[in-house]
Every structure is written in C-alpha cells, then in structure tokens.
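For reference, the chains in residue letters:
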Amino acid sequence: MIVTIVLAVFVLTGACATARALIGPTLADRVAAFDVGLIALMGGIVTQAVETGDTVALDLLVVVAIVGFTATVAVSRFIESQGSAR
Amino acid sequence: MNPITATLMLLGAGLSLLSGIGLLRFSTPYARFHAAGKASPIAFVVVAVGAMFEVGTAGAARLVLASAAMLLTLPVGVHLLFRAVHRTTPDEHLRIDELAPAEQQSDRPDPPAAPSTDDQGGAGLDDR
C-alpha cells in the first residue's frame, strides 16, 4: 500500500518534470527538469528495492547520478559557449 | 514494512513532489533552479535513509554511496546552469544582482600585464 503511494508520488514528480521539460522556455530549464526526472527515477529504483528486497538494482543509482551530473555540466558549458539559453 | 521506513519514504516522496511542483509553477528560471537543485537531493537522501532499514548492509552501503554522489553533484550542476543563464541572458527579473559586479571585478585583473606595468613597486616585487 505504502509502496504504491510512494511510487504514485514519484510518477507525479516525473510528470511535473516532463511538463517543464516540454514547455520550458530555456534549454537550462529543460536540463533542470531532466535532473528532477532522474531524481524521481532514482526514488522509484529505491522503492522497488525496498518492496522486493533485491539490492541488485541499487548499483544503478550511482551510475544514474553521475550520468545526470555529466549531462548537466556538458549542457551548461554548451549554453555558455553558444551564448544564448534558448 | 518498518514504520520508520514508511514514514521516511512518504516524507521523501512528498518532498520530491514539492520540488516537481516548484519546478513546474515558479515563474523565473532562477526560482525553478532553486526548486530543482535544493529540494530534490534532500528528497532522495530522505528516501534513501528510510530504505536503509529494509535492504540490509550491502544495500545500505550502496544507498550511502548514491546519496553522497547526489548531494555532491546535483547542487554543483544546478549552480553551473544558474551561472550559464546569468551569463547568457541579461537580468530580466533580478532586483539584486551581486554576481555581475563580482564577475566584472574578477575580470579586471585578468590581463595582468597592464596593471603590473602601471605601478612599479608591485611589478618589481612580482618579478622577484
């Protein structure tokens, strides 16, 4: 029951992030929305591990965090070199 | 499920939903970056601390590693986005802008040849 509620809330967070990524006026807004969507994905992975007691998927968390950070840094450098955030 | 785990996971999920709502509803990019960069790592850490009571020692170690990576990287990435927006789009909504004079001041000693030739004493000390 609690797992279902928590997963539903994470899905709502992902929906908010997807909406901001679609309507976000600047590229930086889309990247921030991508970060929040990754947080929702990581929370979903943790919730699934708690429900099943299977810790294999927890290895993905560090990978997802570092991939998200690398993407954010790359896009912010791209925005600065391009000269506009649109 | 452990009641501590249930409480912390519900709390963390609620924090992440607040972060998503802030990201969706705030009107300026800076306010949206605040919502994205500060609430969501805390939300993940709260969820991870709750889950540590359920997944055993090996799972708890992975959760600690992921929480540390998240707390170290996400605010830095959002800060870089903030700076990129500040540099590329000039201030539309800012009432107080302390970064622009600071960047101008840090740009001023950037060509070091011109001031060091102007005042003789400092240049002599630097050359030695």
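Residues numbered from 1 in each chain as written. Chains lettered and ligands numbered in written order. Predicted model: local features only at pLDDT ≥ 70, side-chain atom pairs only at ≥ 80, totals over all residues.

**Considerations on the overall build of chain A**
Here is step 1 of the chain: On a plain count of helices and strands, chain A comes out with 3 helices and 0 strands.
Here is step 2 of the chain: Along chain A, helices (α) and strands (β) appear in the sequence α-α-α when read from the amino end.
Here is step 3 of the chain: Its C-alpha atoms give chain A a radius of gyration of 15 Å, more than 25% over the compact-globule value 12 Å for 86 residues.
Here is step 4 of the chain: Over its C-alpha atoms, taken along the principal directions, chain A stretches across nearly 50 × 25 × 10 Å.
Here is step 5 of the chain: A fraction of 52% describes how many contacts in chain A between residues 6 or more apart in sequence connect residues 24 or more apart. (Helix = DSSP H or I, 4+ residues; strand = E, 2+ residues; numbered from the N terminus. Rg over C-alpha atoms; globule rule 2.2 N^0.38 Å. Contact = placed C-beta atoms within 7 Å.)

**Re the interface of chain A and chain B**
Here is step 1 of the chain: The interface is formed by 44 residues belonging to chain A together with 47 residues belonging to chain B.
Here is step 2 of the chain: Secondary-structure elements contributing two or more residues to the side of chain A that touches chain B are helix 1 (2-23), helix 2 (27-52) and helix 3 (59-82) of chain A.
Here is step 3 of the chain: Take the side of chain A that touches chain B: its biggest share by element is 15 residues, from helix 2 of chain A.
Here is step 4 of the chain: Taken together, the residues of the side of chain A that touches chain B break down into 29 nonpolar, 10 polar and 5 charged. (Nonpolar A, V, L, I, M, F, W, Y, C, P; charged D, E, K, R; others polar.)

**Some remarks on helix 3 of chain A**
Here is step 1 of the chain: Over its 24 residues, helix 3 of chain A runs 35 Å from end to end, which matches the ideal 34 Å to within 8%, given 1.5 Å per residue.
Here is step 2 of the chain: Buried within helix 3 of chain A are the following residues: A:L61, A:A65, A:G68, A:F69, A:T72, A:V75, A:S76 and A:I79.
Here is step 3 of the chain: The secondary structure elements touched by the buried residues of helix 3 of chain A are helix 2 of chain A together with helix 3 (56-88) of chain B. (Expected span 1.5 Å × (residues − 1). Buried ≥ 20, exposed ≤ 12 C-beta atoms within 10 Å, placed from the backbone.)

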